[in-house]
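Okay, here's what each chain looks like letter by letter:
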Protein chains: 4
Amino acid sequence: MKIPVGVLGATGTVGQRFLQLLAVHPWFEVVAITGSERTAGRPYREGVNWVIGGEIPAAVADLIVQPTQPTLAINGRPPLAFSALPTNEAREWEPQFAAAGYAVITNASTFRMTPDVPLLIPEVNPTHTALIPTQQANNNWRGFIVASPNCSTTSAILPLKIFQDAFGLQAAMIVTLQAISGAGYPGVPAMDITDNVIPYISGEDAKLENEPKKLLGTVNQGQLTLANIQTSAQANRVPVLDGHLASVSARLGRRVTAEEAVEALLNWQPPAICRELPTSPEKPLVYRPEPDRPQPRLDRDAGQGLAWTVGKVRTCDVLDIRYMAITHNTLRGAASGAILNAELLVKQGFIGN
Amino acid sequence: MKIPVGVLGATGTVGQRFLQLLAVHPWFEVVAITGSERTAGRPYREGVNWVIGGEIPAAVADLIVQPTQPTLAINGRPPLAFSALPTNEAREWEPQFAAAGYAVITNASTFRMTPDVPLLIPEVNPTHTALIPTQQANNNWRGFIVASPNCSTTSAILPLKIFQDAFGLQAAMIVTLQAISGAGYPGVPAMDITDNVIPYISGEDAKLENEPKKLLGTVNQGQLTLANIQTSAQANRVPVLDGHLASVSARLGRRVTAEEAVEALLNWQPPAICRELPTSPEKPLVYRPEPDRPQPRLDRDAGQGLAWTVGKVRTCDVLDIRYMAITHNTLRGAASGAILNAELLVKQGFIGN
Amino acid sequence: MKIPVGVLGATGTVGQRFLQLLAVHPWFEVVAITGSERTAGRPYREGVNWVIGGEIPAAVADLIVQPTQPTLAINGRPPLAFSALPTNEAREWEPQFAAAGYAVITNASTFRMTPDVPLLIPEVNPTHTALIPTQQANNNWRGFIVASPNCSTTSAILPLKIFQDAFGLQAAMIVTLQAISGAGYPGVPAMDITDNVIPYISGEDAKLENEPKKLLGTVNQGQLTLANIQTSAQANRVPVLDGHLASVSARLGRRVTAEEAVEALLNWQPPAICRELPTSPEKPLVYRPEPDRPQPRLDRDAGQGLAWTVGKVRTCDVLDIRYMAITHNTLRGAASGAILNAELLVKQGFIGN
Amino acid sequence: MKIPVGVLGATGTVGQRFLQLLAVHPWFEVVAITGSERTAGRPYREGVNWVIGGEIPAAVADLIVQPTQPTLAINGRPPLAFSALPTNEAREWEPQFAAAGYAVITNASTFRMTPDVPLLIPEVNPTHTALIPTQQANNNWRGFIVASPNCSTTSAILPLKIFQDAFGLQAAMIVTLQAISGAGYPGVPAMDITDNVIPYISGEDAKLENEPKKLLGTVNQGQLTLANIQTSAQANRVPVLDGHLASVSARLGRRVTAEEAVEALLNWQPPAICRELPTSPEKPLVYRPEPDRPQPRLDRDAGQGLAWTVGKVRTCDVLDIRYMAITHNTLRGAASGAILNAELLVKQGFIGN
């Protein structure tokens with residue numbers, strides 16, 4: 001007996017990915033999808049320009065696209081909706097869904113930094129869901145919103161969390177090399193990125209600088225305290241299809257050797273609850289000792305696109321430790337990450353059927 | 001009456017570029033070229049696999065390739081030789097040429113960090129040629145060696161120099177996005193770099209960390225003092241043909257605003273002697289205020305490939321100021337840069353005809 | 001005393017290229033530019049999203065963009081307008097300009113196959129301008145329209161013309177590998193073309209099959225007769241920035257050897273009048289004997305982007321002779337080709353000042 | 001009880017692919033691998049530079065690489081060896097293995113056109129294995145050699161076979177757009193193929209012109225008759241990782257409509273024996289009606305890389321019918337295709353255990 005779910009904004013590329021992944025999910029089953037006025041009222045297969053490869057899942061191809069309104073019939077407690085809405089539509093609709101009692105698991109950036117909205121990665125800060133009752137009380141909502149971080153923040157964050165726990169963390173400098181799929185479709189013109197790098201992604205530097213402070217912060221008695229770290233970021237677009245690579249230097253609580261840093265990574269165990277989540281990879285963190293790894297094309301699919309691959313760990317003469325990390329931006333960094341968040345919420349009892 | 005010059009290692013890609021540039025140079029004229037045993041004794045057009053585009057310059061196509069030995073007939077005072085030798089051959093031959101009285105202007109990394117060898121960029125440290133008499137005295141040479149920096153160091157260095165002069169400089173963190181032409185030919189396999197980034201270039205991180213200390217150091221009474229700065233670097237190969245992009249953060253002598261930093265760049269004037277060098281670009285530093293510049297394909301050819309293009313200047317919460325800079329790696333970062341060094345040495349009286 | 005010209009649709013990528021090329025043209029001077037309602041009334045520099053590299057030419061940066069209407073003040077006899085209008089706008093406006101007395105040199109596909117509109121390449125069919133009086137009489141126009149062929153047709157056509165003249169021509173099979181710049185800006189999404197080929201360009205196969213019949217046809221007493229040849233085409237988009245490569249097989253009037261075919265190419269002389277056109281390349285046809293040429297990146301810029309590079313000439317067991325040819329699609333295949341047409345019209349007396 | 005197999009030349013890219021595929025094969029089990037003198041005597045994991053992605057299969061990682069000599073202990077009747085040897089080594093060793101009683105299933109081009117060596121694709125010419133007794137008699141061999149076609153021939157051939165059976169076939173013109181992985185590793189330099197097409201692959205045009213005549217020929221009483229068709233080919237390398245795309249025009253036995261041609265494709269059934277081969281895809285031929293398919297990145301993995309994807313079927317004014325087809329060059333076009341051949345030979349009784 002699967003948990004019925006809806007997908008808001010199901011016709012865009014992130015929405016397509018949600019449907020593709022949910023079509024084979026052991027716990028969830030898509031029963032409702034929404035789209036823009038242009039597509040609402042038509043079968044999904046007619047309304048969508050399917051661009052992510054593979055075929056439209058048979059189970060949703062003939063679902064009628066509904067308008068994005070909190071009147072979707074989703075028979076769960078609370079009804080669960082994955083949101084692939086663009087930023088502005090998320091601002092308009094996600095609070096209405098939450099007010100109407102839906103659990104909204106969103107990939108949008110809109111409410112990521114809102115203090116009572118959990119910005120959630122199960123391997124990093126699973127206890128931040130303790131903000132949910134605060135959020136419901138603050139807004140007088142029966143439902144709630146839980147957000148996933150930016151795809152590039154995601155690549156950088158897990159080693160920072162591990163080093164924070166092991167050694168303390170004071171500052172992080174992040175330079176990313178991000179894939180074109182991060183811009184959706186049609187996204188980046190080939191005329192711009194062929195034989196080129198674009199050192200700019202709108203709003204991305206700020207996300208890279210802000211989100212780690214929340215992800216690495218603490219929640220006590222339903223209140224969030226941001227981590228007291230300094231951050232600085234530069235996001236770059238490179239001619240790569242999938243996989244966001246992050247070059248990170250960190251100032252730690254004390255000087256450590258490269259060996260100590262690697263040992264911390266190797267000794268890390270994901271929070272115990274992660275073992276109970278069906279799509280959690282067996283090894284969420286893959287450490288590669290080779291000097292030329294991680295690489296986007298070779299490492300983005302590790303753990304079915306849900307693992308972090310980390311390498312090039314060494315001391316830094318300006319800060320303390322540097323490393324490079326990669327995750328798959330449209331899987332861990334978007335749809336798969338949000339689904340994993342929903343699985344966590346099920347296990348924690350926030351969502352049932 | 002042009003100054004006769006030789007080119008050592010003229011069949012490789014850097015050697016080809018030297019010949020292409022020198023074919024139209026107002027001061028220099030190639031009269032001798034050397035190559036490996038395989039090519040020595042044959043006309044250049046037969047020995048070379050010309051891969052850099054355009055045609056083999058007519059003036060050298062029929063020159064006989066000579067073995068790399070300090071017996072080349074170059075009728076200058078001192079005889080001037082541009083070296084495009086690989087590292088190991090440079091180690092063997094460049095000192096022999098210097099001992100035999102040749103002025104060796106080299107692109108090889110071999111002697112870059114040798115204390116009495118000038119590591120030279122006319123716009124950055126033209127007075128470092130004062131090391132030449134020291135070098136000659138130390139080695140009992142009639143000739144000398146002058147080195148060009150690594151192509152990726154070159155991209156990062158000019159704004160660091162300007163900030164050092166304006167505000168003081170304590171540390172620099174450099175992450176590069178480097179073009180495939182930097183690896184020569186055949187160089188990087190397409191199987192490795194298509195839809196990918198390689199976060200590794202052998203030896204490059206160390207060059208990026210060491211060379212700025214020398215370029216930004218001081219020469220007093222023929223003795224070099226390295227700059228007292230901390231450095232940290234991560235070199236990446238990206239699917240771009242030409243142009244090395246550097247993302248740099250710097251800790252300065254004091255906190256400055258982005259406006260002050262930009263003003264320092266805009267107010268900078270190249271050393272006066274640069275105005276007398278025929279291939280020096282009119283504007284060695286191009287500042288771009290757009291948020292998405294510099295870009296390799298759009299900016300690498302600024303100033304005939306001899307200018308730095310700098311942008312994205314802003315404050316950094318971890319250090320003080322960040323920016324991005326690019327130069328053309330096979331022009332400013334290799335052959336053109338070395339030729340500009342030779343022009344400087346002519347103007348300073350180290351080379352004549 | 002230059003001939004004043006206008007550019008219709010000056011804000012798109014072809015329009016930008018016209019302005020860039022005309023800014024340094026020895027005969028023509030841009031005095032009027034038109035754009036969409038969105039841009040009309042503002043200085044060009046404000047209305048354009050300049051994407052073709054380099055800077056906006058100073059001479060036009062402050063020209064006020066006018067609406068596309070045949071009331072432009074261009075003081076020539078007849079007033080000369082280069083059209084970079086999209087197909088539909090060309091259908092609406094180009095006849096109105098011709099009716100109002102303007103000479104319209106267009107890059108649009110709209111009227112290419114109209115029997116009394118010259119489809120013109122100076123090296124191929126310069127006498128087809130004899131259709132102009134017919135066109136004027138048929139339409140009761142004081143001005144006229146002259147069209148340039150499709151950029152991919154252009155790549156294939158010159159050797160076909162030479163073989164037609166030398167041996168007779170019965171059929172041509174054309175497969176193209178076309179650059180992304182042919183789709184304008186933003187044009188092809190990077191998500192579509194990275195690590196991929198798209199075997200489809202809307203309408204292109206038909207253009208490749210129809211236009212050669214007109215270009216290789218004859219004009220007698222002001223009437224066009226299409227060439228009696230069979231054609232078949234397949235257009236492909238490949239991840240290349242500029243340069244359309246065509247693989248062509250032709251059935252000739254008789255069996256010929258590869259040597260005879262090459263000799264015909266080498267012996268070909270452009271029509272005498274081409275020597276009098278200032279931007280005509282010294283060698284409009286570059287024959288490359290190497291087995292791996294022509295290549296887009298190495299050969300697209302031959303003759304300042306106005307030359308054909310041809311190679312791989314050999315016999316074909318199915319038809320008679322095969323070869324590959326390339327031209328630069330945004331230069332010879334678009335703006336430069338149209339400007340060359342205008343130069344021809346000046347020399348032939350159709351345009352003056 | 002699996003059939004034990006050896007892999008000759010197991011350290012190259014095709015050899016790596018053989019090992020990767022055989023590691024999960026239901027019928028075959030690798031028990032012996034050979035390599036060059038440099039690697040022989042060491043565990044595979046130490047001798048190989050594993051470049052094809054994923055990890056070295058555990059089952060072979062510690063196998064000792066043996067020299068390529070027909071003394072391998074493979075306990076089958078006959079002992080089965082997959083050959084990934086380069087052309088020259090294949091010429092030396094494959095006959096020695098066949099003479100010594102091994103069944104050699106080779107991917108090398110060396111003996112493809114030898115009249116008594118089956119050039120085999122199960123879906124196209126499964127009965128050509130009737131040449132094996134002839135081969136054994138001619139050479140006095142106990143074993144035999146069976147060859148796979150060139151990867152680009154493979155892409156083009158299946159629709160030709162279907163049309164030959166349905167309508168008759170007189171001629172085929174083939175232009176390919178081939179992936180870089182076809183050149184192995186390091187293979188194509190990124191400096192050559194970035195922003196470029198190379199219209200040349202050594203020996204490929206001849207293979208494309210010769211192999212179809214054999215694949216579409218007939219075997220009667222152990223004797224091969226080549227198909228009486230004219231062929232002409234042009235092979236191009238494009239910046240795509242995997243997947244060889246072929247643009248084909250065919251002259252048929254009679255004029256047919258596009259609908260008839262498509263119907264022939266849709267009605268085609270693979271030979272019955274293909275249904276019994278474990279890695280044969282459920283649908284060996286995928287017909288795509290969209291105007292922009294097939295595309296390498298979207299279609300190369302159809303049927304686990306073993307299916308043909310065909311589209312753009314339409315009439316051709318020069319010949320009769322044109323289409324485009326793609327297969328995955330390192331799977332169907334190399335290792336997977338050879339394994340499928342071995343499966344066929346098992347089912348036909350030429351190989352057992």
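For every chain, the first residue of the written sequence is number 1, and numbering continues from 1 onward in sequence order. For naming, the first written chain is A and the first written ligand is 1, with later ones following in the order written. The predicted nature of this model means local features are confined to residues of pLDDT at least 70 and side-chain atom pairs, given and counted, to a pLDDT of 80 or more, with totals for whole chains, interfaces and linings taken over all residues.

**Student:** Any chance you could explain the interface of chain A and chain B here in plain terms?
**Tutor:** In many analyses, interface size is given as the accessible surface area lost on bringing the parts together. A residue pair is marked as a contact if its C-beta atoms, positioned from the backbone, fall within 7 Å. At the junction of the two partners, chain A supplies 33 residues and chain B supplies 33 residues. Counting from the N terminus, the helices are DSSP H or I runs at least four residues long and the strands are E runs at least two residues long. If you list the elements that add at least two residues to the side of chain A that touches chain B, you get β7 (169-178), β10 (230-237), β11 (244-252), α10 (296-299) and β14 (321-327) of chain A. Sorting elements by how many residues they give to the side of chain A that touches chain B places β10 of chain A first, with five residues. Residue composition of the side of chain A that touches chain B, grouped by class: 18 nonpolar, nine polar and six charged. Note on residue categories: nonpolar means Ala, Val, Leu, Ile, Met, Phe, Trp, Tyr, Cys or Pro, charged means Asp, Glu, Lys or Arg, and polar means any other residue, Gly included.

**Student:** Would you mind going over the interface of chain C and chain B with me for this structure?
**Tutor:** With four residues of chain C at the contact, the number on the chain B side is four residues. Tallied by class, residues from the side of chain C that touches chain B come to one nonpolar, two polar and one charged.

**Student:** Would you explain the relation of the copies chain A and chain B in this entry?
**Tutor:** The two chain copies are connected by a rotation around an axis plus a translation along it. All copies are superposed by least squares; the fitting set is the C-alpha atoms of residues with a pLDDT of at least 70 in both. Structural alignment of chain A on chain B gives an RMSD of 0.0 Å, achieved by rotating through 180 degrees and translating 0.0 Å along the axis. Here the transformation between the copies is reduced to the relation of a two-fold axis. Measuring from the rotation axis to each C-alpha of chain A, the shortest distance belongs to Pro-239 of chain A, at 3.3 Å.

**Student:** It is not clear to me how the sheet that holds strand β1 (residues 3-8) of chain C should be interpreted in this structure. Could you clarify?
**Tutor:** Within a sheet, neighbouring strands are paired by backbone hydrogen bonds and run either parallel or antiparallel to one another. Residue and element names in this part refer to chain C. Between any two strands, pairing holds if DSSP finds at least two bridges. Ordered by their spatial adjacency, six strands build an open sheet running β3-β2-β1-β4-β5-β6, and the pairing between neighbours is parallel. Of all the strands in the sheet, just β3 (66-67) and β6 (144-147) have a single pairing partner and so form its edges. Pairing of strand β5 (residues 103-106) with β6, which is carried by four bridges, proceeds in the parallel orientation. Within β6, the position partnered with Ala-103 by the bridge is Phe-144. To get an axis, a line is fitted to the C-alpha atoms, and for a helix only the part in contact is used. The angle between two axes follows their N-to-C directions and goes from 0 to 180 degrees. Packed onto the sheet, helix α1 (residues 13-22) meets β1, β2 (28-35) and β4 (80-83) and runs at close to 160 degrees relative to β1.

**Student:** I keep staring at the relation of the copies chain C and chain B and nothing clicks. Help me out?
**Tutor:** Turning chain C through 180 degrees and shifting it by 0.0 Å along the axis lays it on chain B, with an RMSD of 0.0 Å. Counting the interface residues of chain C, we find that 100% of their copies in chain B are interface residues as well, pointing to one common contact surface.

**Student:** Could you clarify how one ought to interpret the packing of helix α6 (residues 151-167) of chain B against helix α12 (residues 331-347) of chain B in this entry?
**Tutor:** To describe two helices that pack against each other, one gives the angle between their axes and the distance between the axes. Residues and elements named next belong to chain B. At a minimum axis separation of 8 Å, α6 and α12 run at an interaxial angle of 95 degrees. In terms of their interaxial angle, α6 and α12 are classed as roughly perpendicular. Contacts between α6 and α12 involve Cys-151, Thr-154 and Ser-155 from the first element and Arg-332, Gly-333, Ala-334 and Gly-337 from the second. Taken together, the residues of the contact of α6 with α12 sort by class into two nonpolar, four polar and one charged. Geometric relationships in this document are graded by angle, where less than 35 degrees denotes roughly parallel, more than 145 denotes roughly antiparallel, 65 to 115 denotes roughly perpendicular, and other angles denote oblique.

**Student:** I keep staring at the packing of helix α6 (residues 151-167) of chain C against helix α8 (residues 204-215) of chain C and nothing clicks. Help me out?
**Tutor:** All names here are of chain C. With their axes 10 Å apart at the nearest point, α6 and α8 run at an angle of 35 degrees to one another. In the crossing of α6 with α8, the sense of the turn from one axis to the other is right-handed. Residues Ser-152, Thr-153, Ile-157 and Leu-160 of α6 form the contact with α8, whose own contacting residues are Glu-204, Lys-207, Leu-208, Glu-211, Pro-212 and Leu-215. Along the lines of polarity and charge, the residues of the contact of α6 with α8 split into five nonpolar, two polar and three charged. In this scheme, a crossing is called left-handed if the near helix is turned counterclockwise away from the far one by less than a right angle; it is called right-handed if the turn is clockwise.

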